[in-house]
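Chains, contacts and geometry: an overview
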Amino acid sequence: MEKRTLSELEQTHDFTRRHIGIQPEDQQAMLDELGASSLEALIEDTVPASIRLDDALQMADSVTEVNALAELKEKAAKNVVNKSYIGMGYHNTLVPNVILRNVMENPGWYTAYTPYQPEIAQGRLESLLNFQQVVMDLTGMDLANASLLDEATAAAEAMTLCKRSNRKKSNSFFIADDVHPQTIDVIKTRAEYFGFEIIVAPVAELDQHDVFGVQLQYPGTFGDISDIKAIIDQAKAQKAMVSVAADPLALVLMKSPGSLGADVVLGSAQRFGVPMGFGGPHAAFFASSDKLKRSVPGRIIGVSKDVRGNQALRMAMQTREQHIRRDKATSNICTAQALLANMSSFYAVYHGPEGLKTIAERVHRLTAILAQGLASKGLSSNDTYFDTITVNVGADQETIYQRALDAGCNLRKVGDNRLGVALDETTQAADVEQLFAVFLGDDHGVDLQALDAAITAGAATGLSADVRRDDAILSHPVFNSYHSETDMLRYMKKLENKDYSLAHGMIPLGSCTMKLNATAEMIPVTWPEFANMHPFAPADQVAGYHQMLEELEEQLVEITGYDKVSLQPNSGASGEYAGLLAIRKYQESIGEGHRDVCLIPSSAHGTNPASAAMMDMKIIVTKCDEQGNVDLADLAEKAEQHAENLSCLMITYPSTHGVYEEDIVEICEVIHKFGGQVYMDGANMNAQVGISKPGLIGSDVSHLNLHKTFAIPHGGGGPGMGPIGVKSHLAPFLASHKVSPVDGLNPENGAVAAAPFGSASILPITWMYNRMLGKSGLKASTQNAILGANYLTEKLSAHYPILYRGRNNKVAHECIVDIRPLKEASGVTEEDIAKRLMDYGFHAPTMSFPVAGTLMIEPTESESKGELDRFIEAMVKIRAEVERVQNGEWPADNNPLFNAPHTLADITNAWDRPYSVEEAVFPTAATRDSKFWPTVNRVDNVYGDRNFICSCPGIEAYQED
Ligand SMILES: *Cc1c(COP(=O)(O)O)cnc(C)c1O
């Protein structure tokens, strides 16, 4: 027997063959089905020569999981994790280990998709409903959404909501000067193109301004608690609306802003059990009064019922979303922070109201001891506080700051004579002792025990009785039932078991790219060096982060063909906004600030027009031809017609119809000819990496959905990251950050997210992905994604019409199955098929986007031939079922499709249907071997929207009148 070489023997450890589901021995059989001699030949057949990349990516080749992790660990080790007292909305927290391991590190939770298919998502829907209940209780508001991206963007959303919901003529928005500076930064960026004037001033000056809305911070960024009731009353007197950014742990003890009259209450749920992660991800919350419910941005989970009349949860009021309302949508928010909202809601479930009060009281007690101890030695600070004080240190600022650093502690510098200290749930008495030494010197002589005893005996603290809340919080049973680890583990597992995730099977959602989120990619996220970093930690403590980020930027620059990448936007939609902002700023810089027309093909994703609307652009919709291609003639005509004011085109490539348009290079040229820029929506990059580049094709800017193409998991509706790549002329206009300016950019450039690198702690996932695949693995992934999609298309086309195809009858990385003819003939709808797929053990493909009445299927490279065949089998059998409805064998309103999905309740009740139980729930051998049970029957969306309830059932239900 011939001996193998060392490199052949090392193949076992090649990550590429773990990432790509199609095994080498199956590849040729699949290619044969397509009449292609090789993978290269298939790509040549499929991808237009004009956009094909001739040379390989100029980057390193793959390394093994072990070596990539070792490389990254070396970088992580360059981070210095000091104890953070910086505060500013980011706090240390103790992630309960039971939540860390069983939710944050558990693919059953993190690989799920946004719960658009509620029958197989009741677990996370319940958990998100709990999140809303926590927020409603703490804020005292009527309703809450299921998360936004971060506190700063939530505040920007609040501003626009105030404007939309207020008939007042004013165009001015007032921000109290003790709002977190990053929030002010983001609001200012957002305000510019809405034409709002921003006033940042002490609240005492509110009466000197005529404004439509007010933003407050409660407690303020320096720790003080102002009398927000008085300010709210004053604002109301001038018919201004009030948004309050609040700290959730403080709200456990403090009067709710809702009870004081706020219209909107928002904030970050980070300190409820989610690591700081150098800025994210964590869930922002957003709560409002009843009358604003139709204007609230983001997703709201609501209570409805299924066809059996049983309670069932689902996302409510989808009609507000961009997919439906496009440029009239309430906001461009799509991906949010579902996974992190779930972690925070579990944190509240685990601790319960008493546990949270104990945590909050302890943090406050230690803060009081610190404040009083310092005051007793002549260092004064706030009179009012919850957990943050700002100490007057005069000329000693730098000395004390350095002493803190030497002790491994980060303080916040405020002005040139104060230092901020924010305590948190991890702070212990010994830490306060250490802070005394830092501020006062080793022989400080403060007696911590005596101070504690005095407070226990009744001495006042910074939280006076009239600020304290006296209403009950978290009284629902869910917050009072799972306080032992065993009970908690079982509750979380019970919910997890209701939900379909990639751990069960393929989630073939077109445009969403639900690929493998490899374990090795996920592991670094929870390394303390990455997880426990404050976003505003001093630069010399984050060298490892910066090195990883720089390398990631290099990888993405090479992959996209752009010149520079901004890692700030924390979702695709946020990237769209950042990209359009760069375009408009660039155009202003060359004296073309008047350009405000944005061309958007009718097939575009709804976030495109929604983002353009946020940039105050005029949206002109261009046509698509019957092949789904952008109608070049119509586009050219409109570009010419609007040449004077043409700002840009937003186009997705390959198109949302899943084809490589031949004309794309020409399309870019036409736009440039008329003075416009090309924004290429990068959601479909999984069909380009390693075989083409947006920069090469001729576009100027793109966002990349790292949670699609680059292996960050969807988390059941977030987190995500949407960095943008730009050509050099746009680079000077990328978002910077007022608190922590981004290297190489004008520090005056406004921020688009709360943290300079968005949700930085999930960026190692993409670094690992790129590093482990390397240039050949990245290319092979794209090639195999195209192979899988074309194989599926070929097999399905014998049974269903395929809506669009490109050259040589090929599709890109996804295909659209047209259900309309079947619907016409049989009455069976695309929704029936989507629900029936659940009975076969699948998550539905994307429904009715970009074309109503269709299913868009994207298998990704990570699915094996076996899984593709299982899906094909299901679709073929479903087609045969449709046939039986069509020929009258089954009544239109009593057949396996109409009744799908089937539950245990169906088969344990008397069975009187014209098909068998076997046909209903075990239609294939695969389902007999392993059955995924939907836990509710089909959910009634209309009922839920008419009887809108978004709080935990059983508690005083919030009912629409
Ligand atoms: C997913 C998607 C977006 C939006 O991205 P988010 O991260 O959800 O904000 C935009 N365009 C297309 C084509 C998409 O598929």
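Not measured: the values here are computed from a predicted model.

A look at the UniProt feature "domain: Glycine cleavage system P-protein N-terminal" (unreviewed entry) in the protein
- Per the UniProt record, the feature "domain: Glycine cleavage system P-protein N-terminal" (unreviewed entry) sits at residues 17-439.
- Along residues 17-439 the backbone is 40% helical and 15% strand, and the end-to-end C-alpha distance reaches 56 Å.

Section: the sheet that holds strand 18 (residues 646-652)
- Spatially, seven strands are ordered 15-21-20-19-18-16-17 in an open sheet, and the strand pairing comes out mixed. The open sheet is flanked by strand 15 (564-566) and strand 17 (618-622), the only strands paired with a single partner. If you compare each strand with its neighbour and ignore which way they point, the axes differ by 20° on average.
- Alignment of strand 19 (residues 677-681) against strand 20 (residues 701-703), held across three bridges, turns out to be parallel. Its bridge partner being in strand 20, D681 is matched across the sheet by H703.
- Along the sheet face, helix 22 (residues 572-589) touches strand 18, strand 19, strand 20 and strand 21 (724-726) and points at about 170° away from the line of strand 19.
- Where helix 25 (residues 664-673) meets the sheet, it contacts strand 16 (597-601), strand 18 and strand 19, and its direction lies at approximately 140° from that of strand 19.

Points about the domain arrangement of the protein
- Parsing the protein into structural domains produces domain 1 (83-505) and domain 2 (565-707 + 720-758).
- Domain 1 puts 28 residues into the contact, and the matching count from domain 2 is 36 residues.
- Here domain 1 packs against domain 2, burying approximately 2600 Å² in sum over the two surfaces, 59% of which is carbon and sulfur.
- Looking only at domain 1, the three residues that lose the most surface to domain 2 are Y193, R326 and N332, adding up to 30% of its buried area.
- Between domain 1 and domain 2 we count two salt bridges in total.
- Among the ionic pairs, D185 bridges to K738, the shortest N-O distance being 3.5 Å.
- Counting across the domain 1 and domain 2 interface gives 12 residue pairs in polar contact (both at pLDDT 80 or more).

A word on the pattern of salt bridges
- Across all of its chains, the model carries 46 salt bridges by this definition.
- A salt bridge links E119 to K835, with the shortest nitrogen-to-oxygen separation between them at 2.9 Å. With E119 in the loop between helix 7 (107-110) and helix 8 (122-139) and K835 in helix 29 (residues 830-839), the pair connects residues that are 716 residues apart, well separated along the chain.
- In this structure E119 comes out as buried when scored by relative accessible area, which is 1%.
- Through salt bridges with shared partners, one network takes in K236, D263 and K291.

What about the sheet that holds strand 11 (residues 388-392)?
- Reading across from one edge, 11-14-13 is the order of the three strands in this open sheet, with antiparallel pairing throughout. The two strands at the open ends of the sheet, each matched to only one other strand, are strand 11 and strand 13 (412-414). Across this sheet, the average inter-strand angle for adjacent strands is 30°, counted without regard to direction.
- Pairing of strand 13 with strand 14 (residues 418-422), which is carried by three bridges, proceeds in the antiparallel orientation. Residue V414 lies in a different strand from strand 14, and its bridge partner there is R418.
- Running at roughly 10° to strand 11, helix 14 (residues 338-376) makes contact with strand 11 and strand 14 of the sheet.

What to know about the site of the ligand
- Around the ligand sit 14 residues, and of these T335, S511, D681, H707 and K708 come closest.
- Within the backbone of A573, one N or O atom sits 2.8 Å away from an oxygen atom of the ligand.
- For the ligand, whose free accessible area comes to 380 Å², the fraction covered by protein is 98%.
- A total of three residues in the shell around the ligand trace back to one element, the largest contributor, which is helix 22.
- Across the shell around the ligand, the residue classes tally to three nonpolar, eight polar and three charged.

A look at the side chain of D681
- Checked against the element boundaries, D681 lands in strand 19.
- K708 provides the closest opposite charge to the buried, salt-bridge-free D681, at an N-O distance of 6.5 Å.
- Of note is the side chain of D681, whose polar atom sits 3.1 Å from the side chain of N608.
- In this structure the side chain of D681 is engaged in a polar contact, spanning 3.3 Å, whose partner is the side chain of H703.

Concerning the packing of helix 21 (residues 543-560) against helix 27 (residues 763-796)
- Direction vectors running N to C along helix 21 and helix 27 enclose 45°, while the axes themselves pass 10 Å from each other. Considering the angle they form, helix 21 stands oblique to helix 27. Judged by the sense of rotation from one axis to the other, the crossing of helix 21 with helix 27 is left-handed. Of helix 27, the residues touching helix 21 (which contributes M548, L549, E551, L552, Q555, L556 and I559) are L763, P764, T766, W767, N770, R771 and L778.
- When grouped by side-chain class, the residues that make up the contact of helix 21 with helix 27 number nine nonpolar, three polar and two charged.

Cut-offs used in this document
- Residues numbered from 1 in each chain as written.
- Predicted model: local features only at pLDDT ≥ 70, side-chain atom pairs only at ≥ 80, totals over all residues.
- Heavy atoms only, no water.
- UniProt positions renumbered as here; feature names shortened; annotations may be inferred.
- Helix = DSSP H or I, 4+ residues; strand = E, 2+ residues; numbered from the N terminus.
- Pairing = 2+ DSSP bridges.
- Axes fitted to C-alpha atoms, helices over the stretch in contact; angles between N-to-C directions.
- Contact = heavy atoms within 4.5 Å.
- Domains from an automatic or database assignment.
- Buried area = accessible area lost by both parts, 1.4 Å probe.
- Salt bridge = Lys/Arg side-chain N within 4 Å of Asp/Glu carboxyl O.
- Polar contact = N/O pair within 3.5 Å; in protein donor to acceptor, adjacent residues only side chain to side chain.
- Buried < 20%, exposed > 50% of the residue type's maximum accessible area, 1.4 Å probe, protein only.
- Near = heavy atom within 4 Å.
- Areas by Shrake-Rupley, 256 points an atom, 1.4 Å probe, with all protein chains shown as cover.
- Nonpolar A, V, L, I, M, F, W, Y, C, P; charged D, E, K, R; others polar.
- Lys, Arg positive; Asp, Glu negative; His and termini not counted.
- Parallel < 35°, antiparallel > 145°, perpendicular 65-115°, else oblique.
- Left-handed = near helix turned anticlockwise from the far one by under 90°.

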